[in-house]
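# Tertiary structure, described
Residues per chain are reported as follows:
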Amino acid sequence: MKGPLFYSKILLFGEYGIIKDSKGLSIPYNFYNGALKRDENTSGDAKESNKNLKGFVAYLEDLQEEQPELVAFDFDALKQHVEEGMYFDSTIPQGYGVGSSGALVAAIYDRYASDKITVLENLTHDKLLQLKVIFSEMESFFHGKSSGLDPLNSYLSIPILINSKDNIEATGIPTQTTDGKGAVFLLDSGIVGETAPMVSIFMESLKEQGFRDMLKKQFIKHTDACVEDFLHGDFKSLFSNTKKLSKVVLNNFKPMIPEQFHGLWQKGIDTNDYYLKLCGSGGGGYILGFTEDIEKAKESLKDHKLEVVYQF
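A quick note: this is a predicted structure, and the numbers were derived from the prediction, not measured.

## Notes on helix H8 (residues 235-252)
Over its 18 residues, H8 extends 25 Å from the first C-alpha to the last, a length consistent with the 26 Å expected when each residue adds 1.5 Å. What H8 keeps buried is the set Leu238, Phe239, Asn241, Thr242, Leu245, Ser246, Val248, Val249 and Leu250. Contacts from the buried residues of H8 go to strand S1 (6-13), helix H7 (209-231), helix H9 (262-271), strand S7 (275-278) and strand S8 (286-291).

## Quick word on the packing of aromatic side chains
Considering all chains together, one arrives at 25 aromatic pairs under this definition. Summarising the aromatic geometry, the rings of Phe56 and Tyr59 are spaced 6.4 Å apart at their centres and angled 15° between planes, so their arrangement reads as stacked. You can see Phe56 and its partner Tyr59 sitting in helix H1 (residues 44-66), three residues apart, about one turn around the helix. On the accessibility criterion, Tyr59 (23% relative accessible area) is partly exposed. Note on Phe56 and Phe141: the rings are 5.3 Å apart at their centroids and 35° apart in plane angle, and the pair reads as tilted. You can see Phe56 sitting in helix H1 and its partner Phe141 sitting in helix H4 (residues 125-143), a full 85 residues away along the chain. What makes Phe141 partly exposed here is its relative accessible area of 32%.

## Let's talk about the environment of Ile158
Mapped onto the elements, Ile158 comes out in the loop between helix H5 (149-156) and strand S4 (160-164). Judged by relative accessible area, which is 27%, Ile158 ranks as partly exposed. Each C-alpha atom of the pair Ile158 and Leu25 lies 11 Å from the other, and the pair is 133 residues apart in sequence. Ignoring anything within four residues of it in the chain, the contact list for Ile158 reads Ser26, Pro28, Asn153 and Ala170.

What counts, and at which threshold
- Residues numbered from 1 in each chain as written.
- Predicted model: local features only at pLDDT ≥ 70, side-chain atom pairs only at ≥ 80, totals over all residues.
- Heavy atoms only, no water.
- Helix = DSSP H or I, 4+ residues; strand = E, 2+ residues; numbered from the N terminus.
- Expected span 1.5 Å × (residues − 1).
- Buried < 20%, exposed > 50% of the residue type's maximum accessible area, 1.4 Å probe, protein only.
- Contact = heavy atoms within 4.5 Å.
- Phe/Tyr/Trp six-rings, centres within 6.5 Å; stacked < 30°, edge-to-face > 60°.

Now the structure itself:
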């Protein structure tokens with residue numbers, strides 16, 4: 001058995017902000033994917049994944065008992081398959097902010113949920129929200145607190161616009177131009193990030209009035225502007241707002257940026273060769289970059305590994 005593929009995702013804008021109702025924009029990233037498999041694979045990774053699935057199944061049983069109206073699973077099949085050694089075969093790097101647990105959640109829901117909402121039906125606003133709530137509860141097993149957006153993106157494989165916590169919609173994004181000079185890219189920090197500790201640093205900071213003011217008047221304001229610019233293809237304005245956002249993040253989210261990248265972050269702002277922002281919760285994994293000239297950015301960051309995600 002090999003299940004359908006579920007892709008990684010990239011939250012272009014909205015990390016942390018969406019917890020406080022900023023806009024957000026999440027896109028599928030087909031470079032990485034994962035699928036449920038049952039075969040004779042006895043590698044360490046397959047065994048580790050199978051062990052994690054056992055814990056996840058126990059968590060889902062509790063979830064179904066506590067919230068029977070939310071979601072139901074075919075536990076007979078799920079448990080039998082896990083006992084037979086089922087694992088999640090994935091190329092999605094873990095702890096890199098590209099949705100490794102989200103793809104797994106989407107795969108389990110797709111294969112084992114009863115009365116599931118499918119991609120083929122008319123996805124009304126209510127159905128999208130219902131899916132987001134289900135996925136949020138399921139993914140909380142991995143992160144402690146999840147918005148449910150990563151699995152939603154992976155499950156539907158379409159760009160999702162977050163207007164606010166309770167207002168999300170499928171959206172279109174400007175078509176890529178493969179020879180475009182402008183680009184969004186991923187920069188590999190070479191460090192695995194942990195979501196839970198980063199989120200708890202953020203939640204702790206929210207207790208301070210100054211931090212809350214900065215979030216509202218600067219971070220969310222620039223994030224919302226970037227989302228609007230990107231969707232409307234206004235790239236001149238996008239770079240101006242991304243630069244502002246990059247500055248705010250460097251000044252106020254230092255714990256989420258690996259220390260050796262503080263200088264690189266500032267260099268982008270000073271030279272305008274590129275602007276960096278968090279990809280997911282930060283603390284390691286990938287860093288997201290925006291540039292008006294990808295060749296210039298590659299030259300400026302020549303000691304680092306860049307992956308182009310989107311060109312315009």
